[in-house]
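As a plain string of letters, each chain reads:
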Amino acid sequence: MKKLIAVALSTVASIVISASAVNAEAFKIGLSNGWVGSEWRTQMIDEAKAAAEKWKEKGVDVEVSVQSANVDVPGQIAHIRNFIAEGVNAIIVNPNSPTAFDPIFAQAKEAGILVIATDAEVSSPDALYVGIDQTAWGAAGAKWLAETLGGKGKVVAINGVAGHPANEMRVAGYKQVFKDYPDIQIVNEVNANWDQAQGQQAMQNILATYPDVNGVVVQDGMAAGAWKSIMDAGKTGQIAATGEIRKDFIDLWVKDKLNSGATVNPPGVMASALNVAVLMLQGKKLKEPAKAGQYGNALYLPIPFIDSKNVGDAAKQLEGKPGYYSYTSALSIEDAEALFK
Amino acid sequence: MAEITITPRTRAGGMRKLLERYPFLPALVIVVALLLLNGFFSPNSLSYRSLTGLLSTYMALVLLAIAQTYVIYAGDIDLSAGAILSLVNVAIVVLMERWGGGAGAVLLALALGLLLGLACGLLNGIVVAALRLQAIVATFATSIFFTGFALYILPVAGTPAPALFWRTYGGRLLGVPFVFYILAGLVVLLLVLSRTRLVTQLLAVGDDQQAAFQSGLPVVPIRIKGYLLSGLFSALAAFCITGDTASGDPLVGGKMTLYSVAAVVLGGSALSGGWGTVVGSLLGALTIGLINSVVFFMGTPSEWQNFVQGLAILVVLMAGVLAGRRARA
């Protein structure tokens, strides 16, 4: 009799469980971040978590599981292995290497897991990239600079880490643009490793060597440092330089009326990727298959641009946020739905 | 095996004997404990498939830690190990692709990769031992040099490794995953090496360089040979990372250098030289891998993962040091 009751109870329980599973869709998504060196990455993860919360309103239960630590490439491969062992439905990764994950992503796909890379493109045919086009990012800043300088002048470039894929793409982007402006002369290009102090020092050296420089293409993470050197040298009015999207820089930009323009690499990219992932897990199909980019697996997101015309709006969005907070934008659930059939 | 007949007088004495004979025992206990913890929080992580995965992913760090061990034996250090790994990685991938990716091309590229690793080791050895520059700074400088060379060979990560190569590494042979053969081969190689005079000499130099010199040991050639071994094992580590990632990346090893040093210390070797085991370093590398997983499987919030990971490494380090100190006291 006892046994019978137990069987009956467990049957009821299993029916209840399966019924609730049918009523509310539930997905488990793993987020892997392999570098914790900047607030941008923290904000990226926080925004992705917030985006997962939002799905509750739509009756979809999205549970995120995060692995975020400073790891080497094998360490991040281990992240993916852990997610496979845990049995997630999808993995979203900000990868430490563009190419090193091909075999492990193939294994994830075999296990029926959707893999999406964000922020940096990956070569794996088993993954999808949802993020911005870094080449277009580099081109947008250069185009602004070329137009601001009226198509002529001496320009220097301060780049990030040599050999880093995003850096190489951004460099290719500005070179492509400057080709169309024969009167713009790139007098020097230096690497300052996406480091504010190195950016500031590089700019000092540049100002000492080329006092007549008119424009600077400097990537985010170093632009505030470069601008500090420009301001220290008293050349704020004579030089146009690209900027960045952190609140403290944007405040400075507004206050000192800098001649700047910033291409936005929003930390919201992971949130956008998450919304795309959930829709794909629901079985929806993209209107246009993701076939962009050098690896033919990219879905590029729009890249916002801040210049002196709309910097006031950007400052308003960031009001009340801490100084390290970045201007952001992400695909809302509705924006993402518009990409699907 | 004569020791077996000696019965330890007390428990503590027996423990000490055991630790003296197998200094890597604390590291082994820690690895087993971490495996159990992983299994407790996520039973799936102890599956055959997961363990094979763990091994194939961390084999590169294991080899890099062993590379590091031989120079640390002699009281030196090699901060260029990760850069050598990157350099050999891009070199073999580019060569394999240029030569068509057949079996012959793969083997020839691997042979050249080993030579390249040895050449890097030789350069380090000359700079540190013959020119007498401080090892920590000199190898930091050569690491920048090697990275520059790697970037020259392959400016951006990209070129895929031939399928033959990485499918072999990640695949099976006679039903057994290929990494287990690598592990078996490695154990044999380490056993052979541990019986050579070179290892004893390296330890003697590390223990007291002056005394070693005065007793007639050729200290400079010995230290150079230590760096040669380091270069060789860094190249072997590069083969594993190429097998696991199937591609070339000129920056892939940069972060691995300090992990390799950490693995050596976790394995019970002394950074000051003269004391240590390669088996300990092997276990130390696995410890790092297992700590990373257990921090996640425990459900640590993402903002605390780095903190907990660092704390866990410190705790393990402390446990190992306490056990080791008792053994040597």
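Because the structure is predicted, anything quoted here is derived from the model rather than measured. (Residues numbered from 1 in each chain as written. Chains lettered and ligands numbered in written order. Predicted model: local features only at pLDDT ≥ 70, side-chain atom pairs only at ≥ 80, totals over all residues.)

**What to know about the overall build of chain B**
On a plain count of helices and strands, chain B comes out with 14 helices and 2 strands. Rg of the C-alpha trace for chain B: 20 Å, near the compact-globule value of 20 Å for 329 residues, within the 12% margin. When its C-alpha atoms are laid out on the principal axes, chain B stretches across 65 × 55 × 45 Å. Long-range pairs, those at least 24 residues apart, make up 78% of the contacts in chain B between residues at least 6 apart in sequence. (Helix = DSSP H or I, 4+ residues; strand = E, 2+ residues; numbered from the N terminus. Rg over C-alpha atoms; globule rule 2.2 N^0.38 Å. Contact = placed C-beta atoms within 7 Å.)

**Looking at the overall build of chain A**
If you tally the helices and strands in chain A, you get 12 helices and 12 strands. Per-residue burial for chain A yields a buried fraction of 51% across its 341 residues. Pairs at least 24 residues apart make up 75% of the contacts formed inside chain A by residues separated by at least 6 positions. (Buried ≥ 20, exposed ≤ 12 C-beta atoms within 10 Å, placed from the backbone.)

**Regarding the pairing of strand β7 (residues 184-191) of chain A**
Residue and element names in this part refer to chain A. Relative to β7, strand β6 (residues 153-159) runs parallel, the two sharing 7 bridges. Across the sheet, the residue bridging to G153 is I184, located in β7. The handedness of the β6 to β7 crossover, carried by helix α6 (residues 165-179), is right-handed. (Pairing = 2+ DSSP bridges. Right-handed = clockwise from strand over helix to strand, strands pointing away.)

**A few points about the confidence of the model for chain A**
Regions with low pLDDT should not have their predicted coordinates read in detail. All names here are of chain A. A residue-level look at chain A finds 93% of positions with pLDDT of 70 or above and a mean pLDDT of 91. Element-level mean pLDDT values for chain A span from 53 in helix α1 (residues 2-23) up to 98 in strand β4 (residues 114-117). Considering only residues more than four positions removed or in separate chains, one finds that residues 15-22, a stretch of pLDDT under 50, has 1 contact. (pLDDT = per-residue confidence, 0-100.)

**As for the pairing of β6 of chain A**
Residues and elements named next belong to chain A. Within β6, 6 of the 7 residues are buried, which leaves it mostly tucked inside the rest of the structure. As judged from the 4 bridges shared by β6 and strand β8 (residues 215-218), these two strands associate in the parallel manner. Within β8, the position partnered with A157 by the bridge is V217.

**Let's talk about the interface of chain A and chain B**
Think of interface size as the accessible area that goes away when the parts come together; that is how it is often given. Each side of the interface is counted separately: chain A has 29 residues, and chain B has 38 residues. For the side of chain A that touches chain B, the element with the most residues is helix α3 (residues 73-86) of chain A, which contributes 9 residues. In the side of chain A that touches chain B, the residues fall into 15 nonpolar, 9 polar and 5 charged. (Nonpolar A, V, L, I, M, F, W, Y, C, P; charged D, E, K, R; others polar.)

**Here we look at helix α4 (residues 102-110) of chain A**
What sets the pattern is the α-helix's 3.6 residues per turn: residues three or four places apart point alike. By the burial criterion, the buried members of α4 of chain A are D102, P103, I104, F105 and A108 of chain A. Those residues of α4 of chain A hidden inside the fold are in contact with α3, β3 (90-94) and β4 of chain A together with α7 (163-170) and α11 (219-245) of chain B. Just downstream of α4 of chain A lies G112 of chain A, where phi reads positive at about 80°.

**Description of the sheet that holds β6 of chain A**
Two pairing modes exist for strands in a sheet, parallel and antiparallel, and in both the strands are linked by backbone hydrogen bonds. Residue and element names in this part refer to chain A. What the 6 strands build is an open sheet, ordered β7-β6-β8-β9-β10-β12; its pairing is mixed. Single-partner strands in this sheet number two, and they are β7 and β12 (305-306). Bridge count between strand β9 (residues 240-242) and strand β10 (residues 260-263): 2 bridges; the pairing is parallel. The residue of β10 that forms the bridge with T242 is G261. Packing of α6 onto the sheet brings it into contact with β6, β7 and β8, and relative to β6 it is tilted by some 170°. (Axes fitted to C-alpha atoms, helices over the stretch in contact; angles between N-to-C directions.)

**Digging into the nonpolar core**
Within the largest apolar cluster, 198 residues are counted, with the highest numbers of intra-cluster contacts made by I29, I92, I116 and L274 of chain A together with L61, L63 and A237 of chain B. The leading source of residues in this core is helix α3 (residues 48-73) of chain B, at 15 residues. In this view, I29 of chain A contacts A52, V62, V64, V88, N89, A90, I92, L274 and A277 of chain A; residues no more than four positions away in its chain are not counted. (Core = buried A, V, L, I, M, F, W, Y, C linked by C-beta atoms within 7 Å.)

**Quick word on the environment of D119 of chain A**
Residues and elements named next belong to chain A. Within the secondary structure, D119 is located in the loop between β4 and β5 (128-131). Distance in space between the C-alpha atoms of D119 and G151 is 31 Å, their sequence separation being 32 residues. Beyond its immediate chain neighbours, meaning those up to four positions away, D119 contacts N94, G131 and V269.

**Remarks on the packing of α7 of chain B against α11 of chain B**
Residues and elements named next belong to chain B. Between α7 and α11, whose axes approach to 8 Å, the crossing angle comes to 95°. Put simply, α7 runs roughly perpendicular to α11. Between α7 and α11, the residues in contact are F165, W166, Y169 and G170 and T242, G243 and D244, respectively. Of the residues in the contact of α7 with α11, the class split is 3 nonpolar, 3 polar and 1 charged. (Parallel < 35°, antiparallel > 145°, perpendicular 65-115°, else oblique.)

**Considerations on helix α5 (residues 103-130) of chain B**
Taking 1.5 Å as the rise per residue, α5 of chain B with 28 residues should run 40 Å; its terminal C-alpha atoms sit 39 Å apart, in good agreement. Count one or two residues on from α5 of chain B and you reach R132 of chain B, which has phi positive near 60°. (Expected span 1.5 Å × (residues − 1).)

**Brief notes about unusual backbone geometry**
Residues and elements named next belong to chain A. If you check the backbone angles, N193 has positive phi at about 55° while not being a glycine. For N193, the position within the fold is in the loop between β7 and α7 (196-209). A positive phi angle, close to 55°, is found at W194, a residue other than glycine. By secondary structure assignment, the location of W194 is in the loop between β7 and α7. Assessed through the 20 C-beta atoms surrounding it within 10 Å, W194 is described here as buried.

**What about the environment of A223 of chain A?**
All names here are of chain A. For A223, the position within the fold is in helix α8 (residues 223-232). Put simply, A223 and D313 are 90 residues apart on the chain and 20 Å apart in space, counted from C-alpha to C-alpha. Residue contacts for A223: discarding those within four places in its chain leaves G199, V218, A241, T242, G243, E244 and F249.

**Notes on the environment of L128 of chain A**
Residues and elements named next belong to chain A. As for its position among the elements, L128 is in strand β5. Taking the number of C-beta atoms within 10 Å as the measure of exposure, L128 has 23 and is therefore buried. Discounting chain neighbours no more than four positions away, the residues touching L128 are I116, A290, N297 and L299.

**Digging into the sheet that holds β5 of chain A**
Residue and element names in this part refer to chain A. Taken together, the 6 strands give an open sheet; going across it, the order is β2-β1-β3-β4-β5-β11, and neighbouring strands pair in parallel fashion. This sheet does not close on itself; its edge strands, each paired only once, are β2 (60-68) and β11 (298-300). Direction aside, neighbouring strands of the sheet carry axes that sit 25° apart on average. Strand direction decides the pairing type here: β4 and β5, joined by 2 bridges, are parallel. Across the sheet, the residue bridging to I116 is L128, located in β5.

**Side note on the packing of α3 of chain B against helix α13 (residues 278-297) of chain B**
Residue and element names in this part refer to chain B. As a packed pair, α3 and α13 sit with axes 8 Å apart at the nearest point and diverge in direction by 135°. Relative to α13, the element α3 lies oblique. Between α3 and α13 the crossing geometry is right-handed. Seen from α3, the contacting residues are L54, T57, Y58, L61, V62, A65, I66 and T69; seen from α13, they are V278, S281, L282, G284, A285, L286, I288 and G289. The residue makeup of the contact of α3 with α13, split by class, is 11 nonpolar, 5 polar and no charged. (Left-handed = near helix turned anticlockwise from the far one by under 90°.)

**Observations concerning the confidence of the model for chain B**
All names here are of chain B. With 94% of its residues at a pLDDT of 70 or more, chain B has an overall mean of 90. Between residues 1-10, whose pLDDT stays under 50, and residues either more than four places distant or in other chains, the model counts 3 contacts. Scoring of the predicted complex yields 0.84 for pTM and 0.80 for ipTM.

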